[in-house]
Amino acid sequence: SLSAEGDGGPFERLVLQVASSANEAIYGMGEQFPHDRLNLKGRAIPVLVQEGGIGRGHLPITPSVNQASPGSGGSEDSTYYAAAHYLTSELRSLFLENTEYARFDFRQDDRTRILLQAEQMRGRILQGESPLELIERFTSWAGRMPPLPAWSQQGAIVALARPLEESLEIVASLRASGASIAGVWNQTWSGVANTFIGEQVLWNWVQNPVHHPGWDGFVQTLEAEGTRVLCYVNPMFRDVSMLEDPVSRDLFSEGIAGDFFIHDAEGQPYMMPVTAFDVTLLDLSNEDARRWMKAVLREEVMGAGCSGWMADFAEALPFDARLASGAPASAWHNRYPVEWARLQREALEESDALGEMLVFSRSGHTRSPRHAMLIWEGDQLTTWDKYDGLVSALHGLVSAGLSGISLVHSDTGGYTSLSTADLGYSRESEQLKRWTEMNAFTALLRTHEGNQPGQNAQIYSDDEALNHFARFTKVYQALAFYRAQLMQEASEKGWPLVRHLLLHYPEDEEAWRVDDQFLLGSEILVAPIKNKCWTWPVCPYDKELYLPAGQWVHLWSGAVMGDDSTGGRVNIAAPIGEPAVFYRRGSEVGARLVQNLRDLGIDAAASP
């Protein structure tokens, strides 16, 4: 363990320096979205949970967003999930237990400099013989995520925020195409509010019969088909008393009456602007507020038949807020998402629903794995790029597991579009297909219609889209047996499902540098297609990738590639529908995957 204490000065900060070397590769710091490489050497990383932003440095998107709303564009450093933890190629690893703001500076050749804005520093130095062992030791403190509900692994979770009858028609078309649908996620179950930017979710976490009449029948119809319904919640509340349509239960008024919200300097509920309206935030330091919110989750969310929900936001606690506990908000800002996840977990445990409900969170900090059940990467652009699109989601997916986030996924196709009159940025059909192919090899295959559904290609846009999506719901389903093994491993050791190559090939210097591929467990290697075809209608889609030492079998052709003694680069055809995926030759997992795919009507090849 390590500890330090300041002298109590008015501008307290502590600095720790740790040895490093010029060629040392450094990873971790939570869920990071580097533009070019996951190795953090040469960068300084703030440990601050915050909105990811729109574009994260993408030109011209980020400057345009910042001009309209200063700071909203984000940067390469902004992340929803920041952790004061790292590990290196020289098997150095440490983490801070503090939740106050910190900054890890990896820019010096010979040292790492850690700055903490606090009077006391608490942390631990880890020792291990391999990166996997370091992760195991880190998660013995940070916590480990439990296996997801078995039903969630049998097909896709499809987002449909639209009239219920229309949603049922879309589900029917998906099923007719052969898609395996485990759940339908409706984020507008609590209603919608019409504002100057269009339809938005009504932030009052009670099922709204005005906007969604026939909800109970909708839930029952889907459940009869073996499909669960999921909903949406966040820790913020809007005053709904002045809305034209009445609500059956006004949670904002209840919270005001119970004094369940954070306060401003004058002792009033702290109101914050969120796009077109103001909201206030649940005070998670207040035990009465926690009990009230857990009752809301039980009575209103679970009571509405929701088999899970997105536990959104949690990165917005202002540093100048006043909390019921008297604790400084500056120390609670990074702690808030951990407590938000803990509240979800407690609500499920108290309802004997842990392992049955699927709850996924966006924000996190160092100790989130102790409470969170599943993380998603937040709001990427519906683009291909490395700043905030598909490639950024790939980087976040791989980096997250190095900081104990064993179960993580992204919105398939991204979320944020910026399009008017067919000008700007919106989701292309090809991009949606390639993102689907990537996510079929992660912890959860979940879609999102995006913030501009009408501008985006959707999984149900046409027969080609339906058939492609159906194919990869079956690929995802065929891997359920292996994910079950890996999730058990994650709950016992903290190892991630999606793994950087360095975790299984730590002696291979090239494996440390490969940031655009990943292993699912140790047996499946995936190299996602990251770029659109610019030569349509002739699209060869040859994919160059790195195969670590050993013999690897191409999933679709059965071709055996690789060398037992050394790693090397190979080229493989990867048309839409056949992404670059390999399994170890002789692998029982690979053989079972091939058989499962064949049983589901998908051609796959066993090794000769």
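Note that the structure is predicted; figures quoted are calculated from it, not measured.

### Describing the overall build of the protein chain
- Looking only at helices and strands, the protein chain features 14 helices and 31 strands.
- Taking 25 Å as the expected radius of gyration for a compact globule of 608 residues, we find that the protein chain reaches 24 Å, a close match to that expectation.
- A burial count over the protein chain gives 61% of its 608 residues as buried.
- Partitioning the intrachain contacts of the protein chain with sequence separation of at least 6 by distance along the chain shows that 72% fall at a separation of at least 24.
- Put simply, the protein chain shows about 22,500 Å² of open surface, and 47% of that area lies on carbon and sulfur atoms.
- The averaged location of the 79 negative side-chain charges in the protein chain is 5 Å from the averaged location of its 49 positive side-chain charges.

### What to know about the nonpolar core
- Ranked by internal contacts, the top residues of the largest apolar core, which has 152 residues, are Trp-205, Trp-215, Leu-282, Met-293, Trp-309 and Ile-524.
- The element that contributes the greatest number of residues to this core is helix α11 (residues 463-478), accounting for 7 residues.
- Residues contacting Trp-215, with those up to four places away along its chain left out, are Leu-164, Asn-186, Trp-189, Gln-207, Val-229, Cys-231, Ala-304 and Cys-306.
- By size, the runner-up hydrophobic cluster in this structure holds 21 residues, among which are Leu-40, Ala-84, Phe-104 and Leu-116.

### A closer look at the pairing of strand β14 (residues 228-233)
- Of all 6 residues in β14, 5 are buried; the element is thus mostly enclosed.
- Where β14 meets strand β18 (residues 308-311), 3 bridges bridge the pair, whose relative direction is parallel. Bridge pairing links Cys-231 to Trp-309 in β18.

### Here's the deal with the sheet that holds strand β26 (residues 524-527)
- Read across the sheet, 6 strands follow the order β24-β25-β26-β31-β28-β29 without closing on themselves; strand pairing throughout is antiparallel. Single-partner strands in this sheet number two, and they are β24 (498-499) and β29 (560-561).
- Relative to strand β31 (residues 580-584), β26 runs antiparallel, the two sharing 4 bridges. Bridging across to β31, Ala-527 finds its partner in Ala-580.

### Brief notes about the pattern of salt bridges
- Applying the stated criterion across every chain, the model contains 41 salt bridges.
- Note that Arg-249 is salt-bridged to Glu-254, the shortest N-O span being 2.6 Å.
- For Arg-249, a relative accessible area of 17% corresponds to the buried category.
- The partner of Arg-513 in a salt bridge is Glu-510, and the shortest N-O contact between them spans 3.1 Å. Taken as a pair, Arg-513 and Glu-510 lie in helix α13 (residues 509-513) at a separation of 3 residues, close to a single helical turn.

### Overview of the state of the cysteines
- Under the defined criterion, the tally for this structure stands at 2 disulfides.
- Covalent S-S linkage joins Cys-533 and Cys-539, the inter-sulfur distance amounting to 1.9 Å. With the S-S bond torsion at -80°, the cross-link from Cys-533 to Cys-539 turns out left-handed.
- Judged by relative accessible area, which is 22%, Cys-539 ranks as partly exposed.
- Once the disulfide-bonded cysteines of the protein chain are ranked by sequence position, their pairing pattern turns out to be 1-2, 3-4.

### With respect to unusual backbone geometry
- In the segment running from Leu-59 into Pro-60, the intervening peptide bond is cis, with an omega of 5°.
- The topology assignment puts Pro-60 in the loop between β4 (44-47) and α1 (61-68).
- Positive phi is not limited to glycine here, since Leu-91 has a value of about 60°.
- Positive phi outside glycine occurs at Phe-313, with the angle close to 60°.
- On the basis of relative accessibility, which here comes to 12%, the residue Phe-313 falls in the buried class.

### Concerning the side chain of Asp-388
- Tracing the backbone shows Asp-388 in the loop between β20 (375-376) and α9 (390-400).
- Among the residues examined, Asp-388 registers a relative accessible area of 0% and is labelled buried.
- A polar side-chain atom of Asp-388 sits 2.4 Å from a polar atom in the side chain of Arg-56.
- Excluding its chain neighbours within four sequence positions, the residues that come into contact with Asp-388 are Gly-53, Ile-54, Gly-55, Arg-56, Asp-379, Gln-380, Leu-381 and Thr-383.

Calculation rules
Residues numbered from 1 in each chain as written. Predicted model: local features only at pLDDT ≥ 70, side-chain atom pairs only at ≥ 80, totals over all residues. Heavy atoms only, no water. Helix = DSSP H or I, 4+ residues; strand = E, 2+ residues; numbered from the N terminus. Rg over C-alpha atoms; globule rule 2.2 N^0.38 Å. Buried < 20%, exposed > 50% of the residue type's maximum accessible area, 1.4 Å probe, protein only. Contact = heavy atoms within 4.5 Å. Areas by Shrake-Rupley, 256 points an atom, 1.4 Å probe, with all protein chains shown as cover. Lys, Arg positive; Asp, Glu negative; His and termini not counted. Charge placed at Lys NZ, Arg CZ, Asp CG, Glu CD. Core = buried A, V, L, I, M, F, W, Y, C linked by side-chain atoms within 4.5 Å. Pairing = 2+ DSSP bridges. Salt bridge = Lys/Arg side-chain N within 4 Å of Asp/Glu carboxyl O. Disulfide = S-S within 2.5 Å. Polar contact = N/O pair within 3.5 Å; in protein donor to acceptor, adjacent residues only side chain to side chain.

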